Amino acid sequence: MNSSSKTLTIRSIFFLLPSWLLLLIFFIGPILLTFYFSFTNLALTGAQAQQMQFVGFDNFVMMFQDANFRISVVKTILFLLLSAIIGQQLLGFLLAFLMKEKNTTFRRIIGIIIIAGWVTPEIVVAFCWVAFLNDNGTLNAIIQALGMNGVTWLYTFPLISVCIANIWHGTAFSMLVFQASLDDVPKSIEEAAKIDGASKLQILFRLIIPIVKGSIVTNMILVTLQTLGVFTLIYAMTGGGPGTATQTLPIFMYNQAFVNYQLGYGTAISLVLLLIGVVASLFYIRSMKVQL
Amino acid sequence: MNRFRLEKTVPYIVLSLIGILFLLPLLWVIFASFDANAKQALSMPSSFTLTNFSAILSDPANIRAFIIGLFLSIGQATLVVIVGVLAAYPLSRYALKYKKPFMFSILFMTSLPITAVMVPVYQLFMFLNLQDSLVATMLFLTASGLPYGIWMLKNFMDAVPLELEESAWVDGASIWTCLRKVVAPLMVPGICTVAIFTFSMSWGNFFVPYILIQSPDKFPASVTIYQFFGTYGMVEYGKLAAFSVIYTMPAVILYLFSQKFMSKGFSFGGATKG
């Protein structure tokens, strides 16, 4: 390269400028605004909409005294644990593991079915599951055909219902990640262990899992981050209810900012959500041995 | 011998069961969309009919919603690719001082939950008087898709050998010509992956337009479908199912197209080792 480093810098700035501008205005800007607005009493309507005031840590004090906030934190943790970590991650691994070395056509059919749930837009997923779990829906029809009484799933088990819908929607991602990483496990090692008399479970826990540990950790963080941001699915299925049964942090944030018009308070909740995301993202970056 | 056979068949049984459980909710939408008297429970339509589809497609409001959805998604995908390729070029080709922190912040932004920034984005849009603007919504979607786009495109560009460009320079080509005529054509699979992925994300996005767009006549399909099942009180199941099927089609078709490129995305863009 014969250009001097100065022209290189100028040229790179030119190349990077459009992306920088967009990111600054629409992404980094709002993140910085989150910090600022979360210390104000900004409202969507009324006097505070015109004259916003700096209120220091009031929003955060209010938040930690708010029983609804605590409920949301608990619901978010449950939602993450059940749907992301136990559901998607474990089921995704199980699917990838069981599908290994199976009949190709069979693999393909199961694969397509699982991926279909993932390709389906979230709002349609919500609609499918509302219908499926409805009082007169498919699930109750099956249960009644078996001679049992139907259940009002969305009212009796709302959190489980949204978790199952989220598992249905998200598992394919984990499955694909694990399929890719299981393909990287050298066959020869497995064969050698088999000849030495290792059982299937021993091969799984002593050999395969240690080898794919890296992708398990990375996938766990990614799936957690995705699930942390889930709004549409829960909002469309239960609206956060009944009561506060499925009120995760994104739903709580939405309700405070757009239903109760407390934008300042809503932003303070966003900030909490964002900080959880930041911590998870840092773990994510650390878990990836990035080569630039 | 029996135990051996059991070990062989159990995975097939387990997988088939999971497959059936996964299939049921989906089967319902497909069957209901062809059923004039669709109910909430899965049932074989007594006669397959296309009336639900024709009812949806003959309504200009629905067509408008699909076109707005296409405008947002195609616009976003195109901009992410163009702006992303531009940004990826110096990041891939030059030894820049700030490359490392820049790439790490890009990766960092990739994983931040967009949901968390929606309230401040709404405030920003109010402040700039951009609420209800489809173009501004598309620009925000572009920005939110850029971190992933830049990261992937940079990795794809790294795979294009520098020698090809060097020989083009010797022939007197400018950087621009090189980027357009040498680098970009060799990155077509990568560009397609990013474009398809960005399109699908945006096509399926409900939350962003739901917050940023106020007038019902500017809603993309993702928001109209929600209005649909809110206001109709889930009565017209067949129509709603037909709408869902039509709305889901672009995502499915693009997925099928992208399958051969997709596998690359799942090793985390070639960024993970071991």
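Residues numbered from 1 in each chain as written. Chains lettered and ligands numbered in written order. Predicted model: local features only at pLDDT ≥ 70, side-chain atom pairs only at ≥ 80, totals over all residues. Heavy atoms only, no water.

Undergrad: Whenever I open this one, the overall build of chain B confuses me. Can you help?
TA: Counting its secondary structure elements, chain B contains 12 helices and zero strands. The N-to-C order of helical and strand elements in chain B reads α-α-α-α-α-α-α-α-α-α-α-α. Taken against the 2.2 N^0.38 rule, which gives 19 Å for 274 residues, the C-alpha radius of gyration of chain B at 23 Å runs more than 25% over that of a compact globule. Dimensions of chain B, computed from C-alpha atoms along their principal axes, come out at roughly 70 × 70 × 35 Å. Per-residue burial for chain B yields a buried fraction of 53% across its 274 residues. Residue pairs at least 24 apart in sequence account for 71% of intrachain contacts in chain B once pairs closer than 6 positions are excluded. Carbon and sulfur atoms make up 69% of the accessible area of chain B, which totals about 12300 Å². (Helix = DSSP H or I, 4+ residues; strand = E, 2+ residues; numbered from the N terminus. Rg over C-alpha atoms; globule rule 2.2 N^0.38 Å. Buried < 20%, exposed > 50% of the residue type's maximum accessible area, 1.4 Å probe, protein only. Contact = heavy atoms within 4.5 Å. Areas by Shrake-Rupley, 256 points an atom, 1.4 Å probe, with all protein chains shown as cover.)

Undergrad: How should I be thinking about the UniProt feature "transmembrane region" (unreviewed entry) in chain B in this particular structure?
TA: Residues and elements named next belong to chain B. As recorded in UniProt, the feature "transmembrane region" (unreviewed entry) lies at residues 12-34, 63-89, 101-122, 134-153, 186-213 and 237-257. Its end C-alpha atoms 29 Å apart, residues 101-122 is made of 68% helix and 0% strand. From the first C-alpha to the last, residues 186-213 spans 38 Å; its make-up is 82% helix and 0% strand. (UniProt positions renumbered as here; feature names shortened; annotations may be inferred.)

Undergrad: Can you walk me through the packing of helix α9 (residues 158-182) of chain A against helix α11 (residues 200-228) of chain A in this structure?
TA: Two quantities define a packed helix pair, namely the angle between the helix axes and the distance between the axes. Residue and element names in this part refer to chain A. Following both chains from N to C, one finds α9 and α11 inclined at 150°, their axes separated by 10 Å at the closest point. By the angle between their axes, α9 is roughly antiparallel relative to α11. Crossing of α9 over α11 shows right-handed handedness. Contact with α9, carried on its side by N166, F173, S174, V177, F178, S181 and L182, involves I208, V212, S215, I216, N219, L222, V223, Q226 and T227 of α11 and no other residues of that element. Looking at the contact of α9 with α11 residue by residue, the class counts come to nine nonpolar, seven polar and no charged. (Axes fitted to C-alpha atoms, helices over the stretch in contact; angles between N-to-C directions. Parallel < 35°, antiparallel > 145°, perpendicular 65-115°, else oblique. Left-handed = near helix turned anticlockwise from the far one by under 90°. Nonpolar A, V, L, I, M, F, W, Y, C, P; charged D, E, K, R; others polar.)

Undergrad: I keep staring at a nonpolar patch on the surface and nothing clicks. Help me out?
TA: All names here are of chain A. A surface patch of nonpolar side chains, about 740 Å² in accessible area, is lined by V74, L78, L81, L82, I86, L90, F157, I160 and I164. Contributing elements (two or more residues each) for the nonpolar patch: α4 (67-99) and α9. Mapped onto the fold, L90 is located in helix α4. (Patch = residues over 30% accessible without salt bridge, like charges linked within 9 Å, V, L, I, M, F, W, Y side chains within 5 Å. Salt bridge = Lys/Arg side-chain N within 4 Å of Asp/Glu carboxyl O.)

Undergrad: It is not clear to me how the pattern of salt bridges should be interpreted in this structure. Could you clarify?
TA: Between side chains of opposite charge, a pair can form as their charged atoms come close. Residues and elements named next belong to chain A. Applying the stated criterion across every chain, the model contains four salt bridges over all chains. One salt bridge in this structure joins E190 and K100, with 3.0 Å as the shortest N-O distance. Of the two residues, E190 sits in helix α10 (residues 187-195) while K100 sits in the loop between α4 and α5 (104-119), which places them 90 residues apart along the sequence. On the basis of relative accessibility, which here comes to 13%, the residue K100 falls in the buried class.

Undergrad: Could you clarify how one ought to interpret unusual backbone geometry in this entry?
TA: Peptide bonds are mostly trans, and most non-glycine residues show a negative phi. One non-glycine residue, Y261 of chain A, lies in the positive phi region at around 60°. Phi is positive for D132 of chain B, which is not a glycine, with a value near 80°. Along the chain, D132 of chain B falls in the loop between α5 (118-127) and α6 (134-158).

Undergrad: Mind showing me how you'd approach the side chain of T120 of chain A here?
TA: Structurally, the position occupied by T120 of chain A is in the loop between α5 and α6 (122-133). Residue T120 of chain A is classed as buried on the basis of its relative accessible area, which comes to 5%. Within the structure, T120 of chain A has its side chain in polar contact with the backbone oxygen of A116 of chain A (distance 2.6 Å). Ignoring sequence-local partners within four residues, the contact set of T120 of chain A consists of V125 and H169 of chain A together with L26 and T248 of chain B. (Polar contact = N/O pair within 3.5 Å; in protein donor to acceptor, adjacent residues only side chain to side chain.)

Undergrad: What should I look at first to understand the packing of aromatic side chains in this one?
TA: Geometry of an aromatic ring pair is reported as the spacing of the ring centres plus the angle between the planes. Taken as a whole and assessed by the stated rule, the structure comprises 46 aromatic pairs over all chains. Both rings, one in F199 of chain B and one in W203 of chain B, keep their centres 5.8 Å apart while their planes meet at 15°; by these two values the pair is stacked. Of the two residues, F199 of chain B and W203 of chain B are both situated in helix α9 (residues 188-203); the distance of four residues between them amounts to about one turn of the helix. For the pair shown, F199 of chain B and W203 of chain B are each scored as buried. Centre to centre, the rings of Y210 of chain B and Y226 of chain B are 5.8 Å apart; their planes meet at 80°, and the pair counts as edge-to-face. Of this pair, Y210 of chain B sits in helix α10 (residues 207-212) while Y226 of chain B sits in helix α11 (residues 221-231), and the two are 16 residues apart along the sequence. For the pair shown, Y210 of chain B and Y226 of chain B are each scored as buried. One aromatic cluster in this structure is built from F231, Y235, Y254 and F258 of chain A together with Y122, F206, F207, Y210 and Y226 of chain B. (Phe/Tyr/Trp six-rings, centres within 6.5 Å; stacked < 30°, edge-to-face > 60°.)

Undergrad: Any chance you could explain the interface of chain A and chain B here in plain terms?
TA: Accessible area lost upon the coming together of the parts is a frequently used measure of interface size. Listed by partner, the interface residues are 95 residues for chain A and 89 residues for chain B. When the two sides are added together, the surface that chain A and chain B hide from each other amounts to roughly 8500 Å², 83% of it contributed by carbon and sulfur. Inspection of the region where chain A meets chain B yields zero salt bridges. On the surface where chain A and chain B come into contact, there are seven residue pairs in polar contact (both at pLDDT 80 or more). Sorting elements by how many residues they give to the side of chain A that touches chain B places helix α1 (residues 5-37) of chain A first, with 20 residues. (Buried area = accessible area lost by both parts, 1.4 Å probe.)

Undergrad: I keep staring at the UniProt feature "transmembrane region" (unreviewed entry) in chain A and nothing clicks. Help me out?
TA: Residues and elements named next belong to chain A. As annotated in UniProt, the feature "transmembrane region" (unreviewed entry) corresponds to residues 12-37, 77-98, 110-132, 152-178, 216-237 and 263-285 in the numbering used here. End-to-end, the C-alpha atoms of residues 12-37 are 34 Å apart, and along that stretch the chain is 100% helix and 0% strand. Helix makes up 100% of residues 77-98 and strand 0%, with an end-to-end C-alpha separation of 29 Å.

Undergrad: What should I look at first to understand the side chain of T246 of chain A in this one?
TA: Residue and element names in this part refer to chain A. Mapped onto the elements of the fold, T246 is located in the loop between α12 (232-237) and α13 (249-259). In this structure the side chain of T246 is engaged in a polar contact, spanning 2.6 Å, whose partner is the side chain of T238. Dropping the residues within four chain positions of it, T246 is found in contact with P158, L159, V162, I234, T238, G240, G241 and I251.

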